[in-house]
Amino acid sequence: MPSQNSAGALLNVDLCIIGAGVAGLNALAVATEYLDAGARVVLVDRRADAGGMWNDTYSYVRLHQPYEFFTAGDIAWRLRRPPDYLATKPEVLDHLRYCRDVLAERIALDEYYGWTMDRFDERADGVSVHLSGPDGGELVVDTPILINA
């Protein structure tokens, strides 16, 4: 259980990533190559699940590049289509969530969907990231590294 401070719960982690879209998931993929297996990472997104802006696109939107090039890290798609296939919104979301699941097996991942970053305060030894939850809750994440993706 996190300790409490005047701003709400306090969580100490090795890395905090704001954004669970393709940029945030790629940042997480790279981080898993450098962090210890027991490292604790917080992934925050204002949307209800991983996938970033793909959660908000129209249902008919497709990738504009062959699907196998659009991934996090080097995680292969489970989708089996011709190499020039342009994946649909549901297929992209499925893949990005699969990437998140694969990456979550590499480190200790705490996910905060529906949360927003209000501000961050830099210090010489790290960053305090102030978050607001969908129910009005507050959380301060203390971390040496913040990636705002």
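Rules of the game
- The residue numbers shown here count from 1 along each chain, following its written sequence.
- In view of the model being predicted, local features appear only for residues whose pLDDT reaches at least 70, and side-chain atom pairs are presented and counted only at 80 or more, with totals across whole chains, interfaces and linings using the full set of residues.
- The side-chain values count all of the structure's non-hydrogen atoms but skip hydrogen atoms and water molecules.
- By definition, two strands form a pair when at least two bridges between them are found by DSSP.
- Secondary structure elements are defined from DSSP: runs of H or I of at least 4 residues count as helices, runs of E of at least 2 residues count as strands, and each element is numbered from the N terminus.
- Fitted lines through C-alpha atoms serve as axes, helices being fitted only where they are in contact, and the angles separating the N-to-C directions of these axes extend from 0 to 180 degrees.
- Any Lys or Arg side-chain nitrogen found within 4 Å of a carboxyl oxygen on Asp or Glu counts as a salt bridge.
- Whether a residue is buried, partly exposed or exposed follows from its accessible area with a 1.4 Å probe, protein chains only, as a fraction of its type maximum: under 20%, in between, or over 50%, in that order.

## As for the sheet that holds strand E5 (residues 108-113)
Phase 1 of the analysis: Spatial ordering of the open sheet is given by E5-E4-E3-E9, a layout of 4 strands whose pairing is parallel. Edge strands, defined here as strands with exactly one partner in the open sheet, are E5 and strand E9 (146-148). Strand-to-strand, the axes of this sheet are offset by a mean angle of 15°, without reference to chain direction.
Phase 2 of the analysis: Pairing of strand E4 (residues 40-45) with E5 involves 6 bridges; the strand directions are parallel. Within E5, the residue paired with Val-42 across the bridge is Asp-110.

## Concerning the pattern of salt bridges
Phase 1 of the analysis: The tally for this structure, following the rule as stated, stands at 12 salt bridges.
Phase 2 of the analysis: The salt bridge involving Arg-100 is made with Asp-49; its shortest N-O contact spans 2.8 Å. Of this pair, Arg-100 sits in helix H2 (residues 89-104) while Asp-49 sits in the loop between E4 and H2, and the two are 51 residues apart along the sequence.
Phase 3 of the analysis: Assessed through its relative accessible area of 9%, Arg-100 is described here as buried.
Phase 4 of the analysis: When its relative accessible area of 23% is taken as the criterion, Asp-49 is described as partly exposed.
Phase 5 of the analysis: Overlapping salt bridges bring together Asp-49, Arg-97, Arg-100, Asp-101 and Glu-111 as one network.

Everything listed here is a matter of coordinates, which is why it stays silent on function.
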